[in-house]
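# Structural characterization, general
As a plain string of letters, each chain reads:
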Amino acid sequence: TLTHTVITSKHAVLLFTFQYPSHHTCNMLFYGKLSDQIGRRFVLIAILLFASSISLSASALLISNPTSCNYGSTQHTIPKITSRLQSTTYGSSSSDITSLLDVEQAKGMASRALVEEELLKGNQGILVMADEGRRKQVLKAVKKMQKAQIREKSSSGGAGGFGGGATKQTKVAKKSKSYSYTARLDKDGFGSILINDGVARINNVLQKETVSDLKIYVDDVLEEEIAREAETTNSGSFARVLQPKNRWDLLLPLDTNDSVMKTMDELIGKDNGSLNSILDSTVGEDGVLYELAALVSDPGSERQVIHPDIPFESEDSVSLVTCFFALQDIDETMGPTVYLPGTNTEYHHEKFNNRATADALLSETQSVLATLNAGDCSIYNPATLHCGSANKSENRRAIFYFTFWNPTKDYPGTSNNPGSLRSELRTKSLTLKDLRKHISTWKADNA
């Protein structure tokens, strides 16, 4: 689908969106000069595509940078095909392309975000922690759904699935403790809320002193890295972020500062981790650390467009689990994350990805604001629709977060978008089990 066209007296720029049967999409930017034959052919391509009645996609409004496409807090670099079409390169494009599209796309994105904000206003609330009664009710419903799916697969027979010879995927799943949601490990029921709603809130997962120490550390590191970034083209300490004005995705080290290790101990430590139940039941101890960072938005940061971080994959399991932890109280003016619970489904993704139905979907779907207190967390399936709202206050909003990947699912990262994790941590492929051992060693050494 041709989603964006910019033609001036000198240049032609076409942005295409390719959607695969799996609903995964990628974007490709073509750039050419009208002074040569290739550039003129691009214009012809655009005319032919429109003449063939290929529908426009709303994804043109989801591009904040002409060389990048966004999935939530991270950003893919789009391959640029040069005007001579001799090679494909990655990274930042030339300044003429950037200047050509930046202003128009920023305006389009900001405009779309405001439209979405209005669509959501009539059915918006606050993200609250599910009480014990609802957790038991949802847990029972999720168990029932899983049993029904097992019976359906068993009765289908054939060469694969549960009714016939085991496929490669099922063999891998049987060897892993993280292939699907495991109800018996979901001791407090929050895992079932995550599976059902796509997002869950858990209060008081971190001690106040731990939060305060980590907030000071994040602020200090952020200022240092901003200064370093001003002196170098790429310090390697930031991941790209949607709507980057006054917003940063700061990559954090694991064990060079005690405040990070103390935080990880309180959250995932073997003996007392406050998130052990939800993580063990959804990604399991084989879950791999995929992101470890701090998301910071200062006053003046703009509202993001609604998006999922990953395409839809499954309704009874998760590929990734992302956990956001508030490092200070967050009120409605500070740019809280907006979630659309229950949109982690194939139905919602199909409606959202269709320009003709997207607005109606948003207007009829409930949204909630994650107005967390310091030490609270929101945990979500990255396939759930969400966005960061504008920080209209006079205060910084800082969130510490990590993401775990279910290794029996397709790896979501690419060479251009490997997830918000420092390279030295990515090469280690640390599992939840590995991290717990590392934390235990750290505690023993510091006893």
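The following paragraphs examine the structure supplied in this document. What you see is a predicted model; the values in this text were computed from it and never measured. (Residues numbered from 1 in each chain as written. Predicted model: local features only at pLDDT ≥ 70, side-chain atom pairs only at ≥ 80, totals over all residues. Heavy atoms only, no water.)

## Observations concerning the overall build of the protein
To keep things clear, this is the line we draw: Put simply, DSSP H or I for four residues or longer makes a helix, DSSP E for two residues or longer makes a strand, and each gets a number counted from the N terminus. A 1.4 Å probe rolled over the protein chains alone gives each residue an accessible area, and that area as a share of the maximum for its type sets the label: buried under 20%, exposed over 50%, partly exposed in between. Contacts: residue pairs with any heavy atoms within 4.5 Å of one another. Each accessible area is a Shrake-Rupley result for a 1.4 Å probe, and residues are judged covered by the shown protein chains and nothing else.
From N to C terminus, the protein includes 12 helices and 18 strands. The buried share of the protein, taken over its 447 residues, is 53%. Across the protein, contacts joining residues at least 24 apart in sequence account for 80% of those joining residues at least 6 apart. Accessible surface computed for the protein: about 20,500 Å², of which carbon and sulfur atoms make up 51%.

## Some thoughts on the state of the cysteines
As used here, a disulfide is simply a covalent bond connecting the sulfur atoms of two cysteines. Heads up, the condition is: Disulfides are defined as pairs of cysteine sulfur atoms found within 2.5 Å of each other.
Enumeration over the complete set of coordinates arrives at 0 disulfides. Note on Cys323: no disulfide assigned, nearest cysteine sulfur contributed by Cys377 at a separation of 6.3 Å. On the basis of relative accessibility, which here comes to 0%, the residue Cys323 falls in the buried class.

## A few points about the sheet that holds strand β12 (residues 288-297)
Note the following rule: One requirement defines pairing of two strands: DSSP has to find at least two bridges between them.
In spatial order, the strands read β9-β16-β13-β18-β12-β11-β10; together these 7 strands make up an open sheet with antiparallel pairing. Strand pairing shows two members of the sheet lacking a second neighbour, β9 (199-202) and β10 (238-239), which therefore form its edges. Taken together, the 2 bridges between β10 and strand β11 (residues 247-251) define a ladder with antiparallel strand orientation. Opposite Phe238, over in β11, you have Leu250 as the bridge partner.

## As for the pairing of β9
A regular strand places its side chains so that they alternate between the two faces of the sheet. Alternating residues of β9 divide into Val199 and Arg201 and Ala200 and Ile202, and every residue in both groups is buried. When β9 meets strand β16 (residues 377-380), the two strands line up antiparallel, connected through 4 bridges. Across the sheet, residue Ala200 finds its bridge partner in β16, namely Ile379.

Read these as layout, nothing more, since geometry by itself doesn't imply function.
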